[in-house]
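Each chain is listed here by its residues.
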Amino acid sequence: MSQQPHILIVEDEPSIAEVTKLYLQRAGYGVTVLADGQEALAFLARGTPDLVVLDLMLPGVDGLEITRWLRTRSDVPIIMLTARREETDRVLGFEMGADDYVVKPFSPRELVSRVRAVLRRTRGASAVSGQDDVLTFEALTIDPNTRQVQVKEREVSLTAREFDLLYLLARHPRQVFNRDRLLDLVWGMNEYIDPSTVTVHVRRLREKIEADPSHPRHILTVWGVGYKFEP
Ligand code: CA
């Protein structure tokens, strides 16, 4: 824990990756650089760095997909690197839980100061325990570290997708997600899945975590739009 913070840079443009690495190392950070999305996923599956600097357009798996994947597992801070024209992706990245973004071309000094600011902001909670925050709402407890859910202190067994769906909604209280968005964020963008899958999973989640599944307290339907989590 006393070691220097470790930063993963995922960037496929060598010149940007190199200069960013140099500046972050000079600022006292440990740095790993990867150029490929698939490699980044493999790296992140083995362990979590203290912060990820993530280019959006990557070969293999793109930055949005990596953000989505990371956020079902961890609250590691993410700073996106985006091109000016990628504004829609930037917004999507934020919705998925990125912490900040820097628009290319950027000055390496600016990136270093963003990294410092984001680490300052996020370390408070995670530096103490090295873990992600447990979410608690009245009788409902969601622990992303163990992926366990309790209702009235009783363990509830959820499938991996059910957990991911619940955790995503609960991390963004009152934010409305439509079915397509939930499919993208929880199931991924690479395969076609029938939107009614979301409906089925919401129903099962309610049966498992709601005291009265037909009058849900937490997972609410926003008619004609989608779903939201009410804390
Ligand atoms: Ca790129």
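Calculation criteria
Residues numbered from 1 in each chain as written. Predicted model: local features only at pLDDT ≥ 70, side-chain atom pairs only at ≥ 80, totals over all residues. Heavy atoms only, no water. Helix = DSSP H or I, 4+ residues; strand = E, 2+ residues; numbered from the N terminus. Buried < 20%, exposed > 50% of the residue type's maximum accessible area, 1.4 Å probe, protein only. Areas by Shrake-Rupley, 256 points an atom, 1.4 Å probe, with all protein chains shown as cover. Lys, Arg positive; Asp, Glu negative; His and termini not counted. Charge placed at Lys NZ, Arg CZ, Asp CG, Glu CD. pLDDT = per-residue confidence, 0-100. Contact = heavy atoms within 4.5 Å. Core = buried A, V, L, I, M, F, W, Y, C linked by side-chain atoms within 4.5 Å. Donors = N, O, S within 2.8 Å, 3.2 Å for Na, K, Ca; no water. Pairing = 2+ DSSP bridges. Arc of directions from axis to C-beta.

Enquirer: Describe the overall build of the chain, naming the residues involved and giving the relevant values.
Expert: A tally of helices and strands in the chain yields eight helices and twelve strands. Evaluated residue by residue, the chain yields a buried proportion of 47% over its 231 residues. In the form shown here, the chain has an accessible surface area of approximately 11,700 Å², with 49% of it arising from carbon and sulfur atoms. Side-chain charges of the chain comprise 30 positive and 34 negative groups, with the mean position of each set lying 3 Å from the other.

Enquirer: Requested: an account of the confidence of the model for the chain, with residues and values cited.
Expert: Mean pLDDT over the chain works out to 87, with 93% of the residues at or above the 70 mark. Taken together, the stretch residues 125-129 has pLDDT below 50 and engages in four contacts with residues farther than four places along the chain or on a different chain.

Enquirer: Give a detailed account of the nonpolar core, specifying residues and quantitative values.
Expert: Ranked by internal contacts, the top residues of the largest apolar core, which has 51 residues, are I66, I142, V149 and L166. Broken down by element, this core gets its largest block of residues, seven residues, from helix α6 (residues 160-171). Those residues within four positions of V149 in sequence are excluded, and the remaining contacts are L140, T141, I142, R154, E155, V156, L158, F163, L166 and I209. Listed in part, the 17 residues of the second largest apolar core include I7, I9, V31 and V102.

Enquirer: Before we move on, could you go through the coordination of the calcium ion and cite the residues and values that matter?
Expert: Geometry reference: four tetrahedral donors at a metal, ideal angle 109.5 degrees. Six octahedral donors, ideal angles 90 or 180 degrees. Here the calcium ion is held by the protein donor atoms D12 (OD), D55 (OD) and M57 (O), which lie 2.1 to 2.3 Å from it. Motif for the calcium ion, donor spacing along one chain: D-x42-D-x1-M. Here D12 is found in the loop between β1 (6-10) and α1 (14-26), whereas its partner M57 is found in the loop between β3 (51-55) and α3 (63-71), with 45 residues between them in sequence. On the basis of relative accessible area, M57 is assigned to the partly exposed category, the value being 46%.

Enquirer: Requested: an account of the sheet that holds strand β11 (residues 219-222), with residues and values cited.
Expert: With antiparallel pairing, three strands are arranged side by side in an open sheet as β10-β12-β11. The open sheet has two free edges, formed respectively by β10 (177-178) and β11, since each of these has just one partner strand.

Enquirer: Report on unusual backbone geometry, specifying residues and quantitative values.
Expert: The phi angle of most residues is negative, glycine excepted, and most peptide bonds adopt the trans form. The peptide bond linking K104 to P105 adopts the cis configuration, its omega dihedral lying at -5°. With respect to the secondary-structure elements, P105 resides in the loop between β5 (100-103) and α5 (108-129). For R147, which is not glycine, the phi torsion reads 55° and is therefore positive. Relative to the helices and strands, R147 resides in the loop between β7 (140-143) and β8 (148-151).

Enquirer: Residues and numbers for helix α4 (residues 87-96), please.
Expert: Three- or four-residue spacings in an α-helix give side chains the same orientation, since the helix completes a turn every 3.6 residues. For α4, the complete set of buried residues consists of R90, L92, G93 and M96. The arc that holds every buried residue of α4, seen down its axis, measures 165°, which confines them to one face. Contact partners of the buried residues in α4: α3, β4 (78-82), β5, α6 and α7 (179-187). The positive-phi residue at the C-terminal boundary of α4 is G97, with phi of around 115°.

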